[in-house]
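Listed here are the chains, written in short residue letters.
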Amino acid sequence: MTAVMQGVRVLEVAEHTFVPAASALLADWGADIVKIEPVERGDAMRGLASTGVAVVPDNVHALLEHSNRGKRSLGLDLKSEEGLEILYRLATTSDVFLTNKLPSVRTKLKIDVEDIRAHNPGIIYVRGTGQGERGPDADKGSYDSLAFWARAGIALGAKRPEYDLVPVPPAPGFGDSIGAMTIAGGIMGALFHRERTGEAAVVDVSLLGTGLWAMGQAIALSLLLNVPWAPPAASALASNPLSRNYLTKEGRVLAFTCLQAGKYWPDLCESIGRPELVNDPRFADHPSLLAHGGEAVEILTDVFGSATLDEWRERLADFTGQWTVVQDTLEAAADPQTVANGYVQPCETATGHPFQLVAAPVQFDEAPAAPGRAPEFNEHGDAILADLGLDWDAIIDLKVKGVVG
């Protein structure tokens, strides 16, 4: 893989997943990420195992690894003058300053745009927030389950009309990881703009804005019709029998999305061993098929329920329409397409324990990026300080004062 971000340095003052995962992507692509962690405890993500949000094994903190792979860590007290001076010195050597601190915290810590650019006018300043940089809730914190999932309309968009419960996010850091891709793209665009014009941009990405973008088509329709978006009930989908799910004999789910139902109906009938349905006048063409969609659904429900998933994989192997098997995460990781494209990559913790991470979703020159491991807290502190020109006596003095880890 071509390390397209090689030579770029990112200075990160951020915790949890949303913003750190953005620089993790850049690290996969070759950037040098210097992660500043609170000197007294490290990134709050390191303690997430005790919150009850997810089961995190003792030997591999998979959530931390996902969002901090390939970085260098320095524990630093930004509330002290000496710690802040070190941060400023690091900023002078960096291309990008990346943070998820709220406006009031950035002001208090003296790490806002004007503070950082006083030491490096050409630095790209990147802010990841919950609800955006302006408005009544700009200075309120949030999580992806709130700003991205609930507030942006995704939770209700995913709610089934036949059930009362509003669904929770499908995975830890779901909106965070999507938002991180958005931040990474914004950083790369800002770097390109600076190279072309010499202008250093301020980049803003929020969980709310990312969620609204993900719901963009539904929101556009809602505003046009003045009706809140809601997914259709299962009964409303019966008109197109090739755009719905079917259960196999053992209860597995086959998902079909053949929007041109009439085009694929003959091929499907051959694949399922029911060629007589091709000439059935009820299903003779696309309009007829949609008009008698409920009847076609009943037939297909019985047919698909008569055989196992393995049997349907074989029978539908040459079907030209669009379909897939609904899979769990272990199956998705072992999917032949996942394996062939290197979408999951091997990694090792600092202690040498093997595990696997999902690779960066963008590949360059037809090769997946191999992720590095997340750093131990303050693992690279001494080396980072030495690179700034501090001798060992000065570093020891800072350690004794509690300025650095």
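The sections below set out a description of the structure shown in this document.

Reading guide: rules and limits
Residues numbered from 1 in each chain as written. Predicted model: local features only at pLDDT ≥ 70, side-chain atom pairs only at ≥ 80, totals over all residues. Heavy atoms only, no water. Helix = DSSP H or I, 4+ residues; strand = E, 2+ residues; numbered from the N terminus. Expected span 1.5 Å × (residues − 1). Buried < 20%, exposed > 50% of the residue type's maximum accessible area, 1.4 Å probe, protein only. Contact = heavy atoms within 4.5 Å. Disulfide = S-S within 2.5 Å. Pairing = 2+ DSSP bridges. Axes fitted to C-alpha atoms, helices over the stretch in contact; angles between N-to-C directions.

### Topic: helix H8 (residues 174-197)
Residues spaced three or four apart along an α-helix point in a common direction, a consequence of the helix completing one turn every 3.6 residues.
Phase 1: A rise of 1.5 Å per residue sets the reference length of H8, with its 24 residues, at 34 Å; its end C-alpha atoms lie 35 Å apart and thus fit the reference within 8%.
Phase 2: Every buried residue belonging to H8 is among Gly175, Asp176, Gly179, Ala180, Ile183, Ala184, Ile187, Ala190 and Leu191, and all of these are buried.
Phase 3: Summarising the contacts, the buried residues of H8 are in contact with helix H1 (20-28), strand E4 (96-99), strand E5 (124-129), helix H6 (144-150), strand E6 (202-206) and helix H9 (207-214).
Phase 4: Following H8 by one or two positions, Gly198 has its phi on the positive side, about 85°.

### Some remarks on the state of the cysteines
A covalent bond between the sulfur atoms of two cysteines is referred to as a disulfide.
Phase 1: Summed over the entire model, instances satisfying the criterion amount to zero disulfides.
Phase 2: Counting only cysteine sulfurs, Cys269 is the nearest neighbor of Cys258, a cysteine outside any disulfide, at a range of 12 Å.

### Quick word on the sheet that holds strand E8 (residues 253-256)
Phase 1: Strand order across the open sheet formed by three strands is E7-E8-E9, with antiparallel pairing between neighbours. Strands with a single pairing partner mark the edges of an open sheet, and in this sheet they are strand E7 (245-247) and strand E9 (323-325). Taken over all neighbouring pairs, the strand axes of this sheet differ in orientation by 25° on average, direction set aside.
Phase 2: Where E8 meets E9, three bridges bridge the pair, whose relative direction is antiparallel. Across the sheet, Ala255 pairs through a bridge with Thr324, a residue of E9.
Phase 3: The strands that helix H13 (residues 293-304) touches are E7 and E8; relative to E7, the one it contacts most, it runs at about 40°.

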